[in-house]
Amino acid sequence: MLTSEQVEFFHENGYLQGPRILSDDQLVELRAALDRVLRGESEGKPEYIVGLGQKDDSDTKAVNQTVNAWCADPVFRRHIHNPAITTAVAQLLGTDEVRLWHDQVLIKPPGGGKVVPWHQDWMYWQMVDRPDMLTCWIPLTDATEQNGCMMFVPRSHKWGLFEFIDLGGDMSKLLEVAQVPEGEKIEVVACPTKAGYCTFHHSLTFHGTSINQTDKARSAVIAHYMSGDCRYTAKTEHPMKKHTTVAIGERLTGEMYPLVYANGSPVPAA
């Protein structure tokens, strides 16, 4: 359970540096599960997207992305149902029903692994009708300012959805966009996070990660959640679109959107 002060901070700032979620044993389990998935030895197949923004196969510094790892391995399946996560998500969204949107594992290669540019998640998630969505981000290895920890722009979740703008690593470009409220101060908060601890952020909060300047990869397991009354719009393309079986205007339900919290209680993995 989060404290009322933590919930208030999230609502005001659009992000929260949260508590420890994973024990040492759970970290070992998830690292081993990730190895199985990447070697193709898991019981099922995830959606593997090689390189966020990768231009060609010679681009070895792109961030490697695996989507729906929970479909491939029971360890990831248990993770998305972790009651420490889902209870916090319900508190932060202010809802009695939470469903998974999808999960990701992001691996930032060593020796210059690329930035994840500044963005708002809901820019890419508009096949969902409202931004009542948030992310729990947990590093499997310590995330530092040197290897690409999460960075947030406080209060930016209150500024609405921006037109697409390629900010790269230059946050000053936000000042050129009209939706930033007059007098609002643009600031960046870096959140170094120990392995097993978490950050939460709203789907409209500007966030990104910097280059990995170290000689070791930085990996993180990420679960995206939505309020149970979110509905399908079919607007914008997204990898989850092909998994969606409901009609436009209906609530996003089905086996690919598992219920993880309902009626005031966490829902365990099946």
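Structural notes, computed from the coordinates. Please read all numbers here as calculations on a predicted model, not as lab measurements. Think of each chain on its own: its residues are numbered from 1, step by step along the sequence as written. For this predicted model, a pLDDT threshold of at least 70 governs which residues receive local features, and a threshold of 80 or more governs which side-chain atom pairs are given and counted, while totals over whole chains, interfaces and linings are taken from all residues. The side-chain values count all of the structure's non-hydrogen atoms but skip hydrogen atoms and water molecules.

## Quick notes on the pairing of strand 4 (residues 97-108)
So, step 1. When you tally the buried positions in strand 4, you get eleven out of twelve residues, the bulk of the element.
So, step 2. DSSP calls a pair of strands paired once it identifies at least 2 bridges connecting them. Secondary structure elements are taken from DSSP: a helix is a run of H or I of four residues or more, a strand is a run of E of two residues or more, and numbering for both begins at the N terminus. Bridge count for strand 3 (residues 63-67) against strand 4 is four bridges, and the pairing is antiparallel. Paired with Gln65 across the two strands is Leu106, which belongs to strand 4.
So, step 3. Relative to strand 12 (residues 259-262), strand 4 is paired through three bridges, and the arrangement is antiparallel. Within strand 12, the residue paired with Glu97 across the bridge is Ala262.
So, step 4. Relative to strand 11 (residues 218-227), strand 4 runs antiparallel, the two sharing ten bridges. Each bridged residue has a counterpart across the sheet, and for Lys108 the counterpart in strand 11 is Arg218. Whether a residue is buried, partly exposed or exposed follows from its accessible area with a 1.4 Å probe, protein chains only, as a fraction of its type maximum: under 20%, in between, or over 50%, in that order.

## Focus: the packing of aromatic side chains
So, step 1. Aromatic contacts are taken between Phe, Tyr and Trp rings whose centres are within 6.5 Å, Trp giving its six-membered ring; a plane angle under 30 degrees counts as stacked, one over 60 as edge-to-face, and the others as tilted. Counting across every chain of the model gives six aromatic pairs.
So, step 2. Seen from their ring centres, Trp101 and Tyr257 are 6.1 Å apart, and the 5° between their planes marks the pair as stacked. One end of the pair, Trp101, is in strand 4; the other, Tyr257, is in the loop between strand 11 and strand 12, and 156 residues separate them in sequence. Each of the two residues, Trp101 as well as Tyr257, counts as buried.
So, step 3. On the numbers, 6.4 Å between centres and 40° between planes, the contact of Trp159 with Phe162 is tilted.
So, step 4. The buried category is assigned to Trp159, whose relative accessible area is 6%.

## Quick notes on a nonpolar patch on the surface
So, step 1. Residues qualify for a patch when their relative accessible area is over 30% and they have no salt bridge, like charges being joined within 9 Å and the nonpolar side chains of Val, Leu, Ile, Met, Phe, Trp and Tyr within 5 Å. Working definition of accessibility: Shrake-Rupley area with a 1.4 Å probe, residue cover restricted to the visible protein chains. Here a salt bridge means any side-chain nitrogen of Lys or Arg lying within 4 Å of a carboxyl oxygen belonging to Asp or Glu. A cluster of nonpolar residues, Leu38, Tyr48 and Val50, forms a patch on the protein surface that exposes about 270 Å² of accessible area.
So, step 2. For Tyr48, the location among the structural elements is in strand 2 (residues 47-52).

## Brief notes about the side chain of Asp103
So, step 1. You can see Asp103 is positioned in strand 4.
So, step 2. It turns out Asp103 is buried and unbridged, and the closest side chain with the opposite charge, Arg77, is 8.9 Å from it.
So, step 3. Counting of polar contacts relies on pairs of N or O atoms within 3.5 Å, with two restrictions inside protein: one atom must be capable of donating a hydrogen and the other of accepting it, and residues adjacent in sequence are counted only when both atoms are side-chain atoms. Within the structure, Asp103 has its side chain in polar contact with the backbone nitrogen of Ala69 (distance 2.9 Å).
So, step 4. Of the polar contacts made by the side chain of Asp103, one reaches the backbone nitrogen of Trp70; its length is 2.9 Å.
So, step 5. Between two residues, a contact is recorded if the distance between any of their heavy atoms is within 4.5 Å. Contact partners of Asp103, with chain neighbours within four places excluded, come to Thr66, Val67, Asn68, Ala69, Trp70, Ile80, Ile222 and Ala223. When charges are counted, Lys and Arg are positive and Asp and Glu negative, with His and the chain ends excluded.

## Looking at the nonpolar core
So, step 1. By nonpolar core is meant a set of buried Ala, Val, Leu, Ile, Met, Phe, Trp, Tyr and Cys residues that side-chain atoms within 4.5 Å join together. With 53 residues, the main nonpolar core has Phe76, Trp101, Phe200, Tyr225 and Leu252 as its most contacted residues.
So, step 2. Counting residues in each nonpolar core, the second largest holds twelve residues, with Val63, Leu106, Cys149 and Met150 among its members.

## With respect to the environment of Pro192
So, step 1. For Pro192, the position within the fold is in the loop between strand 8 (189-191) and strand 9 (197-202).
So, step 2. In sequence terms Pro192 and Gly148 are 44 residues apart; their C-alpha atoms lie 8.5 Å from each other.
So, step 3. The residues contacting Pro192, other than those within four sequence positions of it, are Gln17, Ala143, Thr144, Glu145 and Cys149.

## Some points on helix 2 (residues 24-39)
So, step 1. By definition here, a helix of n residues has an expected span of 1.5 Å times n minus one. Spanning 16 residues, helix 2 covers 23 Å between terminal C-alpha atoms, matching the ideal 22 Å at 1.5 Å per step.
So, step 2. Three or more residues of helix 2 are buried, namely Leu27, Leu30, Ala33, Leu34 and Val37. The buried residues of helix 2 occupy one face: seen down the axis, they fall within an arc of 130°. Helix 2 presents Asp24, Asp25, Val28 and Arg39 as exposed residues on the side facing more than 90 degrees away from its buried surface.
So, step 3. Where helix 2 is buried, its residues contact strand 1 (15-20), strand 3, helix 3 (74-80), strand 4, strand 6 (133-139) and strand 11.
So, step 4. Among the residues trailing helix 2, Gly40 stands out with phi positive, at a value near 75°. This arc corresponds to the set of directions leading from the helix axis out to the C-beta atoms.

## Observations regarding the pattern of salt bridges
So, step 1. Within the structure shown, the criterion is met by 15 salt bridges.
So, step 2. One salt-bridge network, in which partners are shared between bridges, spans Glu97, Arg99 and Arg251.

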